[in-house]
Amino acid sequence: MTPPPVFAQEAAAPHNHAGHDHAGHSHATEATGPHGGTVQSVGDRRIETVIADKGIMFMILGKNDQPIAPPDATGTLKLQVGDSEKEYTYQLKTLKNPAIGVGVDLSKVVDQTLHMNVEITNIGTDPLTFHAMGKLASGKLSDELLISLQATCPVSGQPLGSMGKPPKITIGDKSLFVCCAGCTKKVEVSPDQYLTKYYTAKGEQVREGVFKSTLADAAAIAAQKTCPVMDEPLGGMGVPGKVNVNGKAVYICCPGCAKKLVAEPDKYLADLKAKGITPPAF
């Protein structure tokens, strides 16, 4: 997700907050929101929390999930990272999106759970108080999913995993796996030929209109993150499927989602666009 450009860096005021208790805060997530964040109900309101590498913002969702933010809305965010008891306090302000948020560099806490106690004021008679959780994802696929996408050893041709945990070889920003340590040297001597073979490979068709993803699709899968039909993480049900949707490659969690995707292509492409996702050409 591209960080909203309206965020401006603000200073945090760290202080110890021993014994902080998150109990009693409701942070049940309903689903992925229209802007790629997580949605929860707070009283009679629906709040979407969006975490980007340059800040955190909260959207009060109104009719048709359009965000609303009164111009004088303000508030406070108390943030804790992972299991640390250190608490950082930020002042929230209305952004241009519209949203209520704060600019803060989160690049050093990638993949760590953020605990957020939030109070938003000047939006009604009483302040809106809630607890939210989330993390800034690294945008990288797990080794398990990469192994599934690669499927076979580039040297022996054997299925990965048939000889134990596949050794990983990192070449630039890409990875390859081999069936055993004995195959590692051959890849390291001539990495380009193996990278080209696996990172350009086209997946076989598993049913009409649905193709098996390969390492060539890894970057696009990481960018899309979730299945547009089921809103489930890609890779959670095995190798994602790849579907041609109006000339665009859209990834699904399982072949069963293809029917709905093809039946309403414009709907799902619009949903992806709303999350800042541009599918690549098929």
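Remember, predicted model here, so these are calculated numbers, not experimental data.

Visitor: With reference to specific residues and values, describe the pattern of salt bridges.
Guide: Inspection of the entire model under this criterion finds 6 salt bridges. Across the pair Lys168 and Asp143 runs a salt bridge whose closest N-O atoms are separated by 2.9 Å. On the criterion of sequence distance, the pair formed by Lys168 in strand 12 (residues 168-171) and Asp143 in helix 1 (residues 143-150) is long-range, its members being 25 residues apart. For Lys168, a relative accessible area of 41% puts it in the partly exposed group. Put simply, Lys242 and Asp217 hold a salt bridge, and the shortest N to O gap is 3.0 Å. Here Asp217 lies in the loop between strand 15 (210-212) and helix 4 (218-224) and Lys242 lies in strand 16 (residues 241-245), a separation of 25 residues in the sequence. The exposure class assigned to Lys242 is buried, which follows from its relative accessible area of 18%.

Visitor: Explain the sheet that holds strand 15 to me, using residue names and the numbers behind them.
Guide: Strands sit in the order 14-15-16-17 across an open sheet of 4 strands; the sheet is antiparallel. Each having just a single partner strand, strand 14 (205-207) and strand 17 (248-252) make up the two edges of the open sheet. Ignoring strand direction, the axes of neighbouring strands in this sheet form an average angle of 40 degrees. Examined bridge by bridge, strand 14 and strand 15 share 2 bridges and lie antiparallel to one another. Considered in strand 15, the bridge of Gln205 is made with Phe211.

Visitor: Give a description of the environment of Ile252 that names residues and reports values.
Guide: Counting through the fold element by element, Ile252 comes out in strand 17. Exposure remark for Ile252: the relative accessible area of 0% places this residue in the buried category. In the structure, Ile252 is positioned 26 residues away from Thr226 in sequence and 7.6 Å away in space, judged by C-alpha atoms. Beyond its immediate sequence surroundings of up to four residues, Ile252 is in contact with Val210, Cys227, Leu234, Pro240, Gly241, Val243, Cys257, Ala258 and Leu261.

Visitor: Could you give an account of helix 6 (residues 265-274), with specific residues and numbers?
Guide: Among the residues making up helix 6, those that are buried are Pro265, Tyr268, Leu269 and Leu272. Down the axis of helix 6, the smallest arc covering the buried residues is 100 degrees, so these residues share one side. Where helix 6 is buried, its residues contact helix 4, strand 16, strand 17 and helix 5 (258-263).

Visitor: Quick rundown of the nonpolar core? Include the residues and the values.
Guide: Leu141, Leu176, Ile252 and Leu261 are the most contacted members of the largest nonpolar core, which totals 43 residues. Contacts of Leu176, omitting those with residues within four sequence positions, involve Gln150, Pro167, Lys168, Ile169, Ile171, Val187, Tyr194, Leu195, Tyr198, Tyr199 and Leu215.

Visitor: A description of the pairing of strand 16 should follow, citing residues and the corresponding values.
Guide: Counting buried positions along strand 16 yields 4 of 5 residues, so the element is predominantly enclosed. Counted along the chain from strand 16 to the antiparallel partner strand 17, the turn is 2 residues long, and its residue Asn246 has a positive phi close to 55 degrees.

Visitor: Can you lay out the packing of aromatic side chains for me, pointing to particular residues and giving the numbers?
Guide: One pass over the full model with this rule turns up 2 aromatic pairs. Plain terms: the ring middles of Phe58 and Phe130 are 5.7 Å apart, the flat faces sit at 80 degrees to each other, and that makes the pair edge-to-face. Remark: Phe130 occurs in strand 11 (residues 128-134) and Phe58 occurs in strand 5 (residues 55-61); sequence separation between them is 72 residues. Of the two residues, Phe58 and Phe130, both sit in the buried class. In this arrangement the basic side chain of Lys242 is found over the ring face of Phe282, its NZ or CZ atom lying 5.2 Å from the centre. Stacked on the ring of Tyr268, the Lys or Arg Lys267 has its end atom at 4.2 Å from the ring centre.

Visitor: Can you lay out the pairing of strand 4 (residues 45-52) for me, pointing to particular residues and giving the numbers?
Guide: Burial runs high along strand 4: 6 of the 8 residues are buried. Across 5 bridges, the pairing between strand 3 (residues 38-42) and strand 4 is antiparallel. Along strand 4, the bridge assignment pairs Ser41 with Arg46. Between strand 3 and strand 4, which pair antiparallel and follow one another directly, the connecting turn spans 2 residues, one of which, Gly43, has a positive phi of 65 degrees.

Parameters at a glance
All residue numbers here refer to positions counted from 1 along the written sequence of the relevant chain. Under the rules for a predicted model, residues below a pLDDT of 70 receive no local features and side-chain atom pairs below 80 are neither given nor counted, while totals for whole chains, interfaces and linings still include all residues. Note that water and hydrogens are dropped before the side-chain values are worked out from all heavy atoms of the structure. Salt bridge, as applied in this entry: a Lys or Arg side-chain nitrogen positioned within 4 Å of an Asp or Glu carboxyl oxygen. What counts as a helix is a DSSP run of H or I of at least four residues, what counts as a strand is a run of E of at least two, and both are numbered from the N terminus. Throughout, exposure labels follow a simple rule: accessible area from a 1.4 Å probe, protein chains only, divided by the maximum for the residue type, with under 20% read as buried, over 50% as exposed, and the rest as partly exposed. Strand pairing follows a simple DSSP-based rule, namely that at least 2 bridges must link the two strands. Simply put, an axis is a line fit to the C-alpha atoms, just over the touching stretch for a helix, and the angle between two N-to-C directions goes from 0 to 180 degrees. Between two residues, a contact is recorded if the distance between any of their heavy atoms is within 4.5 Å. Read the arc as the range of directions from the helix axis to the C-beta atoms. Residues enter a nonpolar core if they are buried and are Ala, Val, Leu, Ile, Met, Phe, Trp, Tyr or Cys, with the set joined through side-chain atoms within 4.5 Å. Classification of ring pairs rests on two measures: the distance between centres of Phe, Tyr or Trp rings, Trp counted by its six-membered ring, which must be within 6.5 Å, and the angle between planes, read as stacked under 30 degrees, edge-to-face over 60 and tilted in between. Lysine and arginine charges are scored as sitting over a ring when NZ or CZ, respectively, is within 6 Å of the ring centre and within 35 degrees of the ring normal.

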